[in-house]
Amino acid sequence: MVASVDARAKTFTINGKKDGSRVFKISDQSVITKTGAPATMKDIVGNEEIRGSYWKEADGSLVAKSVKLGPLTEQEKAAEDARKARHAERKAAKAAAAASDAASASPAASATPKP
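Definitions and limits used
Residues numbered from 1 in each chain as written. Predicted model: local features only at pLDDT ≥ 70, side-chain atom pairs only at ≥ 80, totals over all residues. Heavy atoms only, no water. Phe/Tyr/Trp six-rings, centres within 6.5 Å; stacked < 30°, edge-to-face > 60°. Helix = DSSP H or I, 4+ residues; strand = E, 2+ residues; numbered from the N terminus. Buried < 20%, exposed > 50% of the residue type's maximum accessible area, 1.4 Å probe, protein only. Pairing = 2+ DSSP bridges. Core = buried A, V, L, I, M, F, W, Y, C linked by side-chain atoms within 4.5 Å. Contact = heavy atoms within 4.5 Å. pLDDT = per-residue confidence, 0-100. Salt bridge = Lys/Arg side-chain N within 4 Å of Asp/Glu carboxyl O.

Brief notes about the packing of aromatic side chains
Line of reasoning, step 1. Counting across every chain of the model gives two aromatic pairs.
Line of reasoning, step 2. Judged by centre distance (5.5 Å) and plane angle (20°), the ring pair of phenylalanine 12 and phenylalanine 24 falls under stacked. Taken together, the residues phenylalanine 12 in strand 2 (residues 11-15) and phenylalanine 24 in strand 3 (residues 21-34) connect sequence positions twelve residues apart. The same class applies to phenylalanine 12 as to phenylalanine 24, namely buried.
Line of reasoning, step 3. Aromatic pair phenylalanine 24 and tyrosine 54: ring centres 5.2 Å apart, planes at 65°, arrangement edge-to-face. Of this pair, phenylalanine 24 sits in strand 3 while tyrosine 54 sits in strand 5 (residues 50-56), placing them 30 residues apart in sequence.

Structural data, given as structure tokens:
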């Protein structure tokens, strides 16, 4: 969610869950879209859902690379669902492989009696 916007400075701030607040600058290379259509800095407003990518400059500042405003589109939801399904499949395969490795690593009981 967009916490605040400074149109003069061409920046917006988001409040992150673990990183605290972060300020992003809009540059000439930033691509802004709203529900899949081209948008501008004027379309970025407080309490707007936002996602995207950014570059971290040498001085530590963050420059928006792509900014997507609004809720996920149906296509983005489908892609996210597919990504989650692939992740679940990989996790299940790893668990199965770990269980198989653990079972084969167990020493077999000896049938030979000790004298």
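Picking up where we left off.
Thoughts on the pairing of strand 3
Line of reasoning, step 1. Across five bridges, the pairing between strand 2 and strand 3 is antiparallel. If you follow threonine 13 over to strand 3, its bridge partner there is valine 23.
Line of reasoning, step 2. Once strand 2 ends, the chain turns through five residues before running back antiparallel as strand 3, passing glycine 20 with a positive phi of about 75°.
Line of reasoning, step 3. For strand 3 and strand 6 (residues 62-69), the ladder comprises seven bridges, and the chain directions are parallel. The residue bridging threonine 33 from the neighbouring strand is lysine 68, located in strand 6.
Line of reasoning, step 4. Where strand 3 meets strand 4 (residues 37-38), two bridges bridge the pair, whose relative direction is antiparallel. When the sheet's bridge partners are listed, lysine 34 is paired in strand 4 with alanine 37.
Line of reasoning, step 5. Counted along the chain from strand 3 to the antiparallel partner strand 4, the turn is two residues long, and its residue threonine 35 has a positive phi close to 45°.

A few points about the nonpolar core
Line of reasoning, step 1. If you look at the biggest cluster of nonpolar residues, it comprises 14 residues, and the most contacted ones within it are Phe12, Ile26, Ile32, Ile44, Ile50, Val67 and Leu69.
Line of reasoning, step 2. Listing elements by their share of this core, those giving two or more residues are strand 2, strand 3 and strand 6.
Line of reasoning, step 3. Among the elements that make up this core, the one with the highest residue count is strand 6 (four residues).
Line of reasoning, step 4. Once residues lying within four places of it in the same chain are set aside, the contact partners of valine 67 are Phe12, Ile26, Val31, Ile32, Thr33, Ile44, Ile50 and Arg51.

Quick notes on the confidence of the model for the chain
Line of reasoning, step 1. Mean pLDDT over the chain stands at 88; residues scoring 70 or higher make up 90%.
Line of reasoning, step 2. Between the elements of the chain, mean pLDDT differs from a low of 86, seen in helix 1 (residues 74-105), to a high of 97, seen in strand 6.

So, the pattern of salt bridges
Line of reasoning, step 1. Taken as a whole and judged by the stated rule, the model has five salt bridges.
Line of reasoning, step 2. Between arginine 51 and glutamate 76 there is a salt bridge, with the nearest N and O atoms lying 2.6 Å from each other. Here arginine 51 is found in strand 5, whereas its partner glutamate 76 is found in helix 1, with 25 residues between them in sequence.
Line of reasoning, step 3. Residue classification places arginine 51 among the partly exposed residues on the basis of a relative accessible area of 24%.
Line of reasoning, step 4. The network of salt bridges with common partners includes Arg51, Lys68 and Glu76.

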